[in-house]
Every structure is written in structure tokens, then in C-alpha cells.
Amino acid sequence: PIISVLVGDEEDTFRAGKFLFDRGFYAQSVTFPAVPYHAGVLRIQVNANHLTESIDGFLAAMKELTECIAFPSGEALRQKMAAAAKQKPDGLHQRA
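In this report, we go over the structure that sits alongside the text. Note that the structure is predicted; figures quoted are calculated from it, not measured.

Considerations on unusual backbone geometry
Consideration 1: In this structure, the amide linkage connecting phenylalanine 32 to the following residue, proline 33, adopts the cis form with an omega of 10 degrees.
Consideration 2: Following the sequence through the fold, proline 33 ends up in the loop between strand S2 (28-30) and strand S3 (40-45).
Consideration 3: One non-glycine residue with positive phi stands out, namely histidine 38, at about 60 degrees.
Consideration 4: Relative to the helices and strands, histidine 38 is located in the loop between S2 and S3.
Consideration 5: Residue histidine 38 is classed as buried on the basis of its relative accessible area of 17%.

Describing the pairing of S3
Consideration 1: Note that strand S1 (residues 2-8) and S3 share six bridges and pair antiparallel. Looking across to S3, one finds that glycine 8 is bridged to glycine 40.
Consideration 2: Where S2 and S3 come together, three bridges link them in antiparallel fashion. The residue bridging valine 30 from the neighbouring strand is valine 41, located in S3.

Here we look at the sheet that holds S3
Consideration 1: Read across the sheet, three strands follow the order S1-S3-S2 without closing on themselves; strand pairing throughout is antiparallel. Single-partner strands in this sheet number two, and they are S1 and S2. Taking the axes of each pair of neighbouring strands and ignoring which way they run, one obtains an average angle of 25 degrees across the sheet.
Consideration 2: Where helix H1 (residues 10-22) meets the sheet, it contacts S1, S2 and S3, and its direction lies at approximately 25 degrees from that of S3.

Considerations on the packing of aromatic side chains
Consideration 1: Summed over the entire model, instances satisfying the criterion amount to two aromatic pairs.
Consideration 2: Taken together, a centroid distance of 5.5 Å and an interplanar angle of 75 degrees make the contact between phenylalanine 25 and phenylalanine 58 edge-to-face. Highlighted residues: phenylalanine 25 in the loop between H1 and S2 and phenylalanine 58 in helix H2 (residues 52-66), separated in sequence by 33 residues.
Consideration 3: Relative to tyrosine 37, the ring of phenylalanine 32 has its centre 5.8 Å away and its plane inclined at 80 degrees; by these criteria the two rings are edge-to-face.
Consideration 4: For arginine 23, the ring lying beneath its charged end belongs to phenylalanine 19, and the centroid distance is 3.4 Å.

Notes on the nonpolar core
Consideration 1: Counting 13 residues, the largest nonpolar core has Ala16, Leu20, Leu42, Phe58 and Leu65 as the members making the most contacts within it.
Consideration 2: At the level of secondary structure, the elements contributing two or more residues to this core comprise H1, S3 and H2.
Consideration 3: Residue contributions to this core peak at four residues, all from H2.

Parameters at a glance
- Residues numbered from 1 in each chain as written.
- Predicted model: local features only at pLDDT ≥ 70, side-chain atom pairs only at ≥ 80, totals over all residues.
- Heavy atoms only, no water.
- Helix = DSSP H or I, 4+ residues; strand = E, 2+ residues; numbered from the N terminus.
- Buried < 20%, exposed > 50% of the residue type's maximum accessible area, 1.4 Å probe, protein only.
- Pairing = 2+ DSSP bridges.
- Axes fitted to C-alpha atoms, helices over the stretch in contact; angles between N-to-C directions.
- Contact = heavy atoms within 4.5 Å.
- Phe/Tyr/Trp six-rings, centres within 6.5 Å; stacked < 30°, edge-to-face > 60°.
- Lys NZ or Arg CZ within 6 Å of the ring centre and 35° of its normal.
- Core = buried A, V, L, I, M, F, W, Y, C linked by side-chain atoms within 4.5 Å.

Have a look at this one:
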């Protein structure tokens, strides 16, 4: 299966992908326009050919990544998505 992990900010999404790549793991960084603005995701493919040790290593790298990049969750995620919905893709606020 393909697992999508929400990162949010485009720059953070690319930094997260590079962080994992530098540790030997490939996770595709997907940003606007493929996903909504400020809703960047890492797309991670997992299959039965992956060794348990590889999955454990990836999970350890993800844990390390969460110490470097703040992943959105809960109320903060809802607020970020609401704010992003009010912005144009170029980052300018729409006028009411």
C-alpha cells in the first residue's frame, strides 16, 4: 500500500523527503498543485518485500524527523487547513 503522511508546508515537505533520503529511505514529496496548498504529503510505499529491519529503520528515521519538523495534528491541523483555504496559491490573502 501507499501511505500518505501529512507534512503541510511545502518547504517542510521537501526537507522531510531529503531528510529521509539522506538516511537511505525514499519517500516521495508531493506538494501543490498535486495536493492542496500547504497540505504537502510524503507518499511512502510499503510492501511484503521490505525487511523487518528496514521498516524498523524507517520508523526510527521518522521519529527522528518529528524532532526536526513539526507535523500538523489535531486542532493545529484544522486551523492550518482553514487558513490555507483562505489563501491563493501564491500566498496572498483573498480580499473579502
